[in-house]
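# Chain and residue survey
What follows is the residue order along each chain.
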Amino acid sequence: MKTVALDSVGVMPSAIDTKGWLLLDKDIQTELDGAVDNIYNFKFDKAEKQFRSLRRRYPNHPMAYFMLGLSTWWKIRPTNFQSTQYDKPFFAYMDTAVTKAQALYDADNHNYEASFFLSASYGFSARLHGERHDWRKATVDARRSLNYLKKSQEANDLSPEFQFGQALFNYYSVWIGDNYTLLKPVLLFFPKGDKKLGLQQLRSVAANGFYTATEARVFLMGILKNEENNAEEAMPVAKYLANRFPDNGYFQRFYAFMAYDQGEFPDCERVSRQILDKINKGMPGYEGISGRYASYFLGYLMQNRYRDIAKAKDYYQRCIVFSESTGETAGGFYLFANANLARIAVKEKDLTAAKRYYAVVADKADHKSEQYKEAKMWLKKNGKA
C-alpha cells in the first residue's frame, strides 16, 4: 500500500480494516485490467463476461454490479443520452450495487469502500435521472451521493479511486448548489469547493487511478474544453483517449472536433473517415450524432482544403440527414451545413436550391446570428427566385 501523509486524512490508514476491499486488491485489478479497457473500447460483451465472473465469486460485493452498470452507462453515453433502451438495466445494476454496498456499510460504518460505491452508484443514477428531467429522483440520489462522498473522503489517500468524487465536487460544487437547490443544506457540511484543487485531483486520478482513471480523463477533457476554454490542454487528453480506445465513438468524435478546432486537419480527416466507416459497419456506439460531426468536417475540408465542391455538397447533405435522424436541427452543424450549401448554390447560380437552404437557416438560426442575417438578406433580395 502506498505511503500517505497522515495529516492529510481523517483516519490513519493503519486504523482502517481494508480486508475484503476489492478496490485495493491488486489481483482483482490485474484480472479486470482488460475488462475495464473493454468498456471504453465498446467491447461490452467481453467486459461483462468478466464482471459476471466476478459477481459469481463475490455475490455480496457491489463492485461487479457497479461495473456492469458502468458498462451499460457507456451504451447510453454516445447518443448524448437520447437513447432510453438501456435505462432499466442501468438503474437495476446501480440499485443492486447500492443494496450490496449498504449492507456492507451497515455492518461497518468505517467501510469506506462501501461508502465509495454508494456515492458513485447514487451519483451516476442522479446524472441519468437529471438527463431524463426527473428532478425529484435526481435530487434525492444526488443528496445521498454527497452524503456518502463525505464519509468516503476520509480514505482519500488510501487509493486514487477515492479522490474521484471529491475532485468532481470541488470543481462543480457551485454548479451543484445552483442547479439542485434542495442540496444546498447538504453542501453546508462540505468545505467550499475549489476549482483549481478539483482539476489537480482529476489529473492525479487520471494518472494514478485504475477503475476511475478513464472517467477522470473524460471529465478533464470536457472541463478543459468547455468550462475552462483551454483547448490547448484539452487536446492531448482527447488525443490520448481517441488513440487508446479507437472504437469508442464518443472519444473519436470529440477528438475529431478538437482537431478541427485546432486546425489539425489531417487528423480530423482521418478520424472523420474512420467514424463514417464504422457507422457503415454498424459498430456499437457509432450512430447519427458521430455521423453528423464527421460528415460536416469532411464537407468543410472538401470545400475549403481540396476545392472538391461535389464531394463537399455530398458530405454536407449527409450531415443534414444525420442531424434530422437524431432531431438535432436547432443549430450547430445542421445550420452550418445548410448555410454552406446555400452559398455553394449561389455560386453555382442554382437559386432554387439556395432559397431552400437559406429558408432553413432563416427558420432555425438565432435571430442575432450572422447566419440568420445573411439568410434573411439574401431571401429578401431573391425571394421570388
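In the block above lies the structure referred to throughout.
Residues numbered from 1 in each chain as written. Predicted model: local features only at pLDDT ≥ 70, side-chain atom pairs only at ≥ 80, totals over all residues. Heavy atoms only, no water.

Turning our eyes to something else, we now look at the overall build of the protein chain. Helix and strand counts for the protein chain stand at 18 helices and 0 strands. Seen along its three principal axes, the alpha-carbon backbone of the protein chain occupies a region of about 80 × 40 × 35 Å. Within the protein chain, buried positions represent 52% of all 385 residues. The long-range fraction of contacts in the protein chain, counting pairs at least 24 apart against all pairs at least 6 apart in sequence, stands at 61%. (Helix = DSSP H or I, 4+ residues; strand = E, 2+ residues; numbered from the N terminus. Buried < 20%, exposed > 50% of the residue type's maximum accessible area, 1.4 Å probe, protein only. Contact = heavy atoms within 4.5 Å.)

Quick look at the environment of G249 now. Relative to the helices and strands, G249 resides in helix α12 (residues 249-261). Distance from G249 to D178, taken between C-alpha atoms, is 32 Å for residues 71 residues apart in sequence. In this structure G249 touches F42, G285, Y286 and S290, once residues within four positions along its chain are discounted.

Let us now look at the packing of helix α3 (residues 63-76) against helix α4 (residues 87-107). A pair of packed helices is captured by two measures, namely the crossing angle of their axes and the spacing between those axes. Contact geometry for α3 and α4: axes closest at 8 Å, N-to-C directions at 155°. For the element pair α3 / α4, the angle class is roughly antiparallel. In the packing of α3 onto α4, the handedness of the crossing is left-handed. Contact residues: α3 offers Y65, F66, L68, G69, L70, T72, W73 and I76, while α4 offers D87, P89, F90, Y93, M94, T96, A97 and K100. Residue classes in the contact of α3 with α4 are distributed as 11 nonpolar, 3 polar and 2 charged. (Axes fitted to C-alpha atoms, helices over the stretch in contact; angles between N-to-C directions. Parallel < 35°, antiparallel > 145°, perpendicular 65-115°, else oblique. Left-handed = near helix turned anticlockwise from the far one by under 90°. Nonpolar A, V, L, I, M, F, W, Y, C, P; charged D, E, K, R; others polar.)

Closest axis-to-axis distance for the α12/helix α13 (residues 265-280) pair is 8 Å, and the angle between their directions is 150°. Overall, the two elements α12 and α13 adopt an arrangement that is roughly antiparallel. Crossing handedness for the pair α12 and α13: left-handed. Seen from α12, the contacting residues are Q252, R253, Y255, A256, A259 and Y260; seen from α13, they are F265, D267, C268, R270, V271, S272, Q274 and I275. By residue class, the composition of the contact of α12 with α13 is 8 nonpolar, 3 polar and 3 charged.

Attention now goes to the environment of T99. By the element assignment, T99 lies in helix α4. Between the alpha carbons of T99 and P284 there is a distance of 30 Å; along the sequence they are 185 residues apart.

The next subject is the layout of surface pockets. Space inside the largest pocket adds up to approximately 1,400 Å³. As for the largest pocket, its lining consists of 47 residues, and the residues nearest its centre are R127, L168, Y172, W175 and F219. Listing elements by their share of the lining of the largest pocket, those giving two or more residues are α3, α5 (112-131), α6 (135-152), α7 (163-179), α10 (213-227) and α12. Of all the elements, α5 adds the most residues to the lining of the largest pocket, at 10 residues. (1 Å grid on protein atoms, 1.4 Å probe; cavity = no way out; pocket = protein on both sides within 12 Å on 5 of 7 lines; lining within 4 Å. Points joined across faces, edges and corners; volume = space filled by probe spheres on them.)

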